[in-house]
Amino acid sequence: MATRLSLLDVAKLNGADKEVGLIEEVLTSAPEVANFPYRTITGTSFSTVTRVSLPTVSFRLANDGVDPSKSEFVRKLVQAYIMGGRVEADKAVALAYEDGVEAYEMIEALGTMKAAMIEIGSQIWYGTDNEANGFPGIKAALPFTAGVADGSVINATGTTATTASSVYAVKYGAQDVILIGGNGSVPTLGEFRDETITGENSKDMPGRVADLIGWIGLQIGNINCVRRVANLTAESGKGLTTDLLDDILNSFPVGVRPDALYMSRRSRLQLKKDLATPERPTVSLPTEYDGVPIIATDSILNVDAIES
């Protein structure tokens, strides 16, 4: 696989209409990266303390005592992980671009950052199943077998293998769901520099090089900031419905509302069809449900395994 733009690539770019510019066919959308709140931290990890149970209290009779009790706490470690990428260009090839070296480099810089956003989007949901060296994701925080019992996971009961998808309800906040930038950083592609690189013939050549560097993690502050509908498939009656969304919204504690519902485009279309009625057979793609914004993302797949 080619790792850098070739002279053929430059030839394709040269002569392109300047007003039209580069036409992008890689249209994968990862809106969660822009929507999730983000804060930087000193260092690459921090600990949170979560109260998981309250002391017990009761009414009593005069002159009767009560048993002492206390809160229960859990300490969690939130870590940021290194995200990296590298862009290399043959300096002579870069010089051949008719709009100049800087314009040539910007094309690859934008492509690299787009790829980074897509990667982070997938990691948010699938965690180490997406990239083993990255941060744990939301799906792992909502395991099916445990989640169905406590209501944090709703089962849509689809059964067709490797066609499943999930819908996630997410509450943002400093004590809830937030992206973390370690070492006070945001993943950034540094400036291009002159550097000797290795050609395809394993010999040295002058190059232009830039590195993507950053530390990023995901905090899921408590069990009440995320919910999931699992086993959504294309089978009849197994797609996303208003009943399932009612169930997931009702599963949050009283007074807690998610800030967004994230789903695949297929799930959004299924919901649109469920919203249609004989009196109103044509409806628009939904953008919210019960006041909660609906956000379609390509990061959530329709090829997941069936969970049981």
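First things first, this report covers the structure right here in the doc.

Analysis parameters
Residues numbered from 1 in each chain as written. Predicted model: local features only at pLDDT ≥ 70, side-chain atom pairs only at ≥ 80, totals over all residues. Heavy atoms only, no water. Helix = DSSP H or I, 4+ residues; strand = E, 2+ residues; numbered from the N terminus. Rg over C-alpha atoms; globule rule 2.2 N^0.38 Å. Buried < 20%, exposed > 50% of the residue type's maximum accessible area, 1.4 Å probe, protein only. Contact = heavy atoms within 4.5 Å. Lys, Arg positive; Asp, Glu negative; His and termini not counted. Charge placed at Lys NZ, Arg CZ, Asp CG, Glu CD. Pairing = 2+ DSSP bridges. Arc of directions from axis to C-beta.

1. Some words on the overall build of the protein chain
Phase 1: Assigned secondary structure in the protein chain consists of 8 helices and 14 strands.
Phase 2: The C-alpha atoms of the protein chain give a radius of gyration of 25 Å, which is well past the 19 Å a tight globule of 308 residues would have.
Phase 3: Seen through its principal axes, the protein chain has C-alpha atoms that stretch 90 × 55 × 35 Å.
Phase 4: Split into buried and exposed, the 308 residues of the protein chain put 42% on the buried side.
Phase 5: Contacts in the protein chain between residues at least 24 apart in sequence constitute 79% of all its contacts with a sequence separation of at least 6.
Phase 6: Within the protein chain, one finds 27 positive and 39 negative side-chain charges whose respective centroids are separated by 5 Å.

2. Considering the sheet that holds strand S13 (residues 288-289)
Phase 1: Within the open sheet, the 6 strands sit side by side as S5-S11-S6-S12-S14-S13. Their pairing is mixed. Edge positions in the open sheet fall to strand S5 (153-155) and S13, since each of these has one partner strand only.
Phase 2: Pairing analysis gives 3 bridges linking strand S12 (residues 260-263) to strand S14 (residues 292-296), with the strands arranged parallel. Each residue of the ladder has a partner; that of tyrosine 262, found in S14, is isoleucine 295.

3. Focus on helix H8 (residues 265-275)
Phase 1: Looking only at H8, the buried set comprises Arg266, Ser267, Gln270 and Leu271. Summarising the axial view, the buried residues of H8 lie within an arc of 140°, below the 170-degree limit, and thus occupy one face.
Phase 2: Packing partners of the buried residues in H8 comprise strand S6 (165-170), strand S11 (226-232), helix H7 (242-250), S12 and S14.

4. Concerning the environment of alanine 103
Phase 1: Counting through the fold element by element, alanine 103 comes out in helix H4 (residues 101-126).
Phase 2: Separated by 49 residues in the primary sequence, alanine 103 and serine 152 place their C-alpha atoms 49 Å from one another.

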